[in-house]
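Here's the letter readout for the chains.
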Amino acid sequence: MLSERCGAARLTSTEAVRRWSFADVAEWLTTEGLGHLASCFEENSVDGDVLLDLQPEDLIDMGITCTDEQQRLQQALAALGMQARMPAHARPRLEVAVLGASPLVQVGGSSGTSSASSRPVPITPIDLQMEHDLLCEVVSGATSQGTMALEAGTLEALSRVLQLGTAVLVLTAHVSSEGRLLLERPAGEVAELDPTRALQEMLGQPSSQYSTAAPACVVLSLSGGEGRGLASAAQAFLRYGVGHVVAIARAAEAPCDLAARAFSAALLRDLLGGSSVSTAFDSGVAAADSYCHSKAKFVLLPEGTHGQHEAVLFPAKLRVVPAGSKCRSGGDSRERHGPVKDLTAQCNLDNLGSVTGRQLDSWHVILALTKSRCVIVCGLGGSGKASLCQCVAARLAYRRWQHCKNGIKSINIRTVCTVQEAEVRISKALKEVPAAAAAAESSEDSTEVDASQMGERLLLLFGVEELLQADPVGFAETVDKHLRAAPGLRVLMTSRRAIPSDAWPARSQQLPFHIYLRQLEPSVSQRVLRELVPTLTTEQATCLASMCGHLPQALRVLAQHMAGSKSPLEEVCQIVTSSERRTSFLFSDCVAPQIWQGLDKDRRSALLGLSLFRSAFELPAAAAVLKVDVEQAAVWLREFQDMCLVERVTESLF
C-alpha cells in the first residue's frame, strides 16, 4: 500500500508514485478530500503510472465536468508532482512537531523601539507542561518513534523542525502586535522572530531545489498582539505555502488556556485518526466549548476556499487513537487537569506550577547558574525560595538544559542537624545517577572518583540556614569538596541567611553567588491571589495581599485556608482585624512555624511590631517601633535577625 511504503501520503517520490496501484490512487484521492472520485479513476484505468501525466482535458474526458472538482484536482496533482520531484532531503521527515515558548523576560525592549537600555520586562508565563499534556499524549500514542518532535520553542528548535520538514506544526507562544513570535533563548530571554522573513531563511525559496516543503498544517496558539499579531503571523505562513493554518487566540494573562488545551488535543487526535482538516477543526471547537463559547477564538485559514480544508493529512488505517486519550469532551479534559508527566525530559520533580511574579528572579537564577557552579537564593521565610528554585529546575529539565542533562536531584536539608549527616545525604543523592552513568561506579566509597564521570548535573539543597548557623565553615567545605570532585556538578541552595564570606574555603575556585529574594510587587501579589481565589474582588485581593506581606507562601496558605472554610471572607476579616491573630497566622502557618512555637509572649508581641514585612530595621527605628529602650530593642532585634525573622540592614541591600 501507499501508506506502508511511504509512511504518509505526503512523503513520496516520482518512482514511488508511478508504482501506485488503483487502491493507492484511491487512498491519495481520499487524503485530498476527493475520495468520491476513486471509482471514476479506476474505471478510466488511472493508476500511478498515468496519474502524474493527467492534463486538464483528460479530466473532462473522464467525465469530471464540475469546475470546482477540476480545479481541486489540478491543484492536488500539481502539489503531488512538485513533492514527488523533490530531492529526498527536502521531503518532510516528521509527522507532528509540537513547540512551546514561554520566555521569562524581554531584554532591551522590543524590535522597532529605541529602548535598547531599558530594564528587563517580565513576560506572562505559559504553563507549557499543562497546556500540552493532552496534546503530547495524543501525539506520542499516534505517531511512530522518530516522526515527532516535542521541544521548547527556541529559534534553533523551530529552524531544525522546519528544515527536517513536518506535516503538522503546533506552536504555542506570545506574539507582538507586529506579528513577531516571541520565542526563547536558553537563559529565558525573548528571541523575536519575524515569520515573514524567517520562513524564507529557514526553508529557502519554495521553487529552489534546496528548499524544504512547508508544513501542510500549522497550528498557531498565540497570546498578546491585540489580535493583529496572530492574524499577521498566520498570513506569513499562508504566503509561504502552508495549506491550512489554525489560529488560536490564547487568553493573554492565563498561564494555561484550558480551551486552547482541549482544542489542540482534539484537533490532533482527529487529524492523526484520518479525519479531514475541517472535520478535525470542528471537533476541536466542540471540545473547547466547555471552556469557551466564543467561536471567534478559533479560526481556520484561508477562509472562503471551498473544499480545500477537506484534505486528509493522515490515512485513517495508519493511526490508532490511544484508548486512554480523553480529548473529545470538555468534561474529560477538565478531569485531567493536574500534575502531568514530562514527555521531553526525565526529572524527579513534581509539577511545580507557575512562576507568576518571579520571572525576573527566575531569569537571574538561570544566569547565575550559567556563570557560577554554586548559587544561593537567600531571603526571609515565606518569600518562596524553594518554590522558585523548584520552578527553575523544572523549567531547565523540561528544556533539557545542557548543565543538567544528566539529571536533577533535590534534598531537604532543613531537618538535618549536623554537617556529617548532610554529607551522607548529598553523597547518597549524587550516587543515584542515570543508568547510562551507573556503569561507571565501582564501589560505595568511591564518590570522589566516580563523580567526575557522571556528567552535567544539578543538585538542589533546600533550607540550609540551620547548618550555616551551626557550622558554616564545615558546611561550606562539604559543598566545595563535592564541587571539586565533580566538574559537571552545579549546586543551587535556598537559605534564610547568606554564607559568611570568611566561611568559604580560601583555596576554592568556585565562589558562591548570592541572590536575595524579596516580596512580590503589590500589583503582582494581588493578581496571584485572585488567580488562587477567583471569587475575590480587586479591593479584597489588594487588602489580603497586603496583610500577607506580598509573600508567595503566605498567599498560598491563605488561599488554602479560604478554600477549606464555610465562610472564607468572614474568617479572613477576623484575621485582618486582629493584629495578634494576623501575626500568629502568618508566622505559625507560613513563615517559621517551628520558631514561632518557641517564642514567649513578649517576643511574639515584639515580632508583631518588628514584622519581616517592613523590611530591615536600624536599631533606633526598632526601639521607636517597640517603644522600649535601645538596649532591649537591640536584644530582640539581634535574636530575630539570627532567626531570620527580620532582615539585616546589609542583607536588605543584596
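Think of each chain on its own: its residues are numbered from 1, step by step along the sequence as written. The model is predicted, so local features are restricted to residues of pLDDT at least 70 and side-chain atom pairs to those at 80 or more, both for listing and for counting; the totals for chains, interfaces and linings are taken over all residues. Hydrogens and waters are ignored; side-chain quantities use all the structure's heavy atoms.

1. Some thoughts on the packing of aromatic side chains
Stacked, tilted and edge-to-face pairs are distinguished by plane angle, under 30 degrees for stacked and over 60 for edge-to-face with tilted covering the rest, among Phe, Tyr and Trp rings (Trp via its six-membered ring) whose centres lie within 6.5 Å. One pass over the structure, following the stated rule, counts 2 aromatic pairs. A centroid spacing of 5.6 Å and a plane angle of 80° characterise the contact between Phe-263 and Phe-281, whose relative ring orientation is edge-to-face. Of this pair, Phe-263 sits in helix H13 (residues 258-272) while Phe-281 sits in helix H14 (residues 277-288), and the two are 18 residues apart along the sequence. In this scheme, a residue with accessible area under 20% of its type's maximum is buried, one over 50% is exposed, and one in between is partly exposed, where area comes from a 1.4 Å probe on protein chains only. The buried category is assigned to Phe-281, whose relative accessible area is 10%. Centroid distance Phe-263 to Phe-298: 4.2 Å. Interplanar angle 10°. Geometry classified as stacked. In this pair, Phe-263 sits in helix H13 while Phe-298 sits in strand S10 (residues 298-301), placing the two residues 35 residues apart along the sequence. Here Phe-263 matches Phe-298 in class, with each residue buried. Feature note: the residues Phe-263, Phe-281 and Phe-298 constitute an aromatic cluster, connected by ring pairs. Counting from the N terminus, the helices are DSSP H or I runs at least four residues long and the strands are E runs at least two residues long.

2. Topic: unusual backbone geometry
Of note, the amide linkage connecting Leu-301 to Pro-302 takes the cis form, showing an omega dihedral of 0°. By the element assignment, Pro-302 lies in the loop between S10 and helix H15 (330-335). Although it is not a glycine, Ser-45 sits at a positive phi angle of roughly 60°. A positive phi angle, near 50°, is found at Arg-400, a position not held by glycine.

3. What about the pairing of strand S7 (residues 190-193)?
On a regular strand, each side chain points to the face opposite its neighbour's, so the side chains alternate between the two faces of the sheet. For two strands to be treated as a pair, DSSP must find no fewer than two bridges joining them. Both strand S6 (residues 181-184) and S7 contribute to a ladder of 4 bridges, which runs antiparallel. Counted as the bridge partner of Leu-181 is Leu-193 from S7. A loop of 5 residues connects S6 with S7, the two strands running antiparallel in sequence, and Gly-188 in this loop sits at a positive phi of about 110°.

4. Details of the pattern of salt bridges
The salt bridge criterion pairs a side-chain nitrogen of Lys or Arg with a carboxyl oxygen of Asp or Glu, the two atoms within 4 Å. In the structure shown here, the tally under the stated rule is 20 salt bridges. Among the ionic pairs, Glu-466 bridges to Arg-496, the shortest N-O distance being 3.7 Å. Of this pair, Glu-466 sits in helix H21 (residues 465-470) while Arg-496 sits in the loop between strand S14 (489-495) and strand S15 (513-516), and the two are 30 residues apart along the sequence. Residues joined in a network through salt bridges with shared partners are Arg-414, Glu-465, Glu-466 and Arg-496.

5. A word on the sheet that holds S14
What the 5 strands build is an open sheet, ordered S12-S13-S14-S11-S15; its pairing is parallel. Both edges of this open sheet fall to strand S12 (408-412) and S15, since each of them pairs with a single strand only. Here the average twist between neighbouring strands, direction ignored, is 15°. As paired elements, S12 and strand S13 (residues 457-462) share 5 bridges and run parallel to each other. Note that in S13 the partner of Ile-411 across the bridge is Leu-461. Sitting on the sheet, helix H16 (residues 359-371) touches strand S11 (374-378), S13, S14 and S15, and the angle it makes with S14 is about 140°. Packing against the sheet, helix H22 (residues 472-485) makes contact with S11, S13 and S14, and its axis sits at approximately 155° to S14. Here an axis means a line fitted to C-alpha atoms, over the contact stretch when the element is a helix, while the angle between two N-to-C directions is reported on a 0 to 180 degree scale. Every residue pair with non-hydrogen atoms within 4.5 Å of one another is taken to be in contact.

6. As for the confidence of the model for the protein
pLDDT is a residue-level measure of predictor confidence that goes from 0 to 100. Per-residue pLDDT for the protein averages 78, and the proportion of residues at 70 or more is 75%. In the model, residues 1-11 has pLDDT below 50 throughout and makes 35 contacts with residues more than four positions away in sequence or in other chains. Across residues 650-654, confidence stays below pLDDT 50; counting only partners more than four residues off in sequence or on other chains, it has 12 contacts.

7. With respect to helix H24 (residues 538-547)
Along H24, the positions that sit buried rather than exposed are Ala-541, Leu-544, Ala-545 and Met-547. Seen end-on, H24 carries its buried residues on one side only, within an arc spanning 155°. Positive backbone phi, at 65°, marks Gly-549, one or two positions downstream of H24. Directions drawn from the helix axis to the C-beta atoms are what define this arc.

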